[in-house]
Amino acid sequence: MTARPRSAPMPASLRSGRPRHPAYDHRCPHCGAAEKARCTTISGRHTKTDPCPARIAAWVVATAVCSTCQVTPGVDCHDNGRPIEGHHPARETEAKETAA
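This text gives an overview of the structure that appears in the document. Everything numeric in this text was worked out from a predicted model, so none of it was measured.

What about the nonpolar core?
Part 1 of the argument: Counting residues in hydrophobic clusters, the biggest one holds six residues: Ala 23, Ile 56, Trp 59, Val 60, Ala 64 and Ala 95.
Part 2 of the argument: Top element by residues in this core is helix 1 (residues 53-63). It accounts for three residues.
Part 3 of the argument: Non-local contacts of Trp 59, meaning those with residues more than four positions away in its chain, are made with His 21, Pro 22, Ala 23, His 26, Ala 95, Lys 96 and Ala 99.
Part 4 of the argument: Counting five residues, the second-largest nonpolar core is a separate cluster that includes Cys 28, Ala 33, Cys 39 and Cys 52.

Some details on helix 1
Part 1 of the argument: If you check which residues of helix 1 are buried, you get Arg 55, Ile 56, Trp 59, Val 60 and Val 61.
Part 2 of the argument: For helix 1, the secondary structure elements touched by its buried residues are helix 2 (89-99).

Some words on unusual backbone geometry
Part 1 of the argument: Not every positive phi belongs to a glycine, and Lys 36 is a case in point at roughly 70°.
Part 2 of the argument: By secondary structure assignment, the location of Lys 36 is in the segment before helix 1.
Part 3 of the argument: One non-glycine residue with positive phi stands out, namely Gln 70, at about 60°.
Part 4 of the argument: Residue position: Gln 70 is located in the loop between helix 1 and strand 1 (78-79).
Part 5 of the argument: Judged by its relative accessible area of 61%, Gln 70 falls in the exposed class.

Regarding the state of the cysteines
Part 1 of the argument: Across all of its chains, the model carries zero disulfides by this definition.
Part 2 of the argument: Here Cys 31 stays unpaired: no disulfide links it, and the sulfur of Cys 28, its closest cysteine neighbor, is 3.6 Å away.
Part 3 of the argument: Cys 39 provides the cysteine sulfur closest to Cys 52, a residue in no disulfide bond, and the two sulfurs are 3.7 Å apart.

Calculation notes
- Residues numbered from 1 in each chain as written.
- Predicted model: local features only at pLDDT ≥ 70, side-chain atom pairs only at ≥ 80, totals over all residues.
- Heavy atoms only, no water.
- Core = buried A, V, L, I, M, F, W, Y, C linked by side-chain atoms within 4.5 Å.
- Buried < 20%, exposed > 50% of the residue type's maximum accessible area, 1.4 Å probe, protein only.
- Helix = DSSP H or I, 4+ residues; strand = E, 2+ residues; numbered from the N terminus.
- Contact = heavy atoms within 4.5 Å.
- Disulfide = S-S within 2.5 Å.

Given below as structure tokens:
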């Protein structure tokens, strides 16, 4: 059999379907999925349709400024100097607005 030649990748502007979540630009701390790859179950057998919540949280912290505690991107949120679990909801809203 003759091997078929590879074609050029399709531009994103021509692809149909919903756009990819911007969190896919970061490695998933929960399931270990690489950048640009879809999240999987912990066993790695099945892929998920949406990114893990931990991946979204990592994307929010890496890209957005928190208007509640005034921290810069890459710094975890705090409450009067005490670290909090996760991030403030205002920071996630800010990340979604800047991504859109």
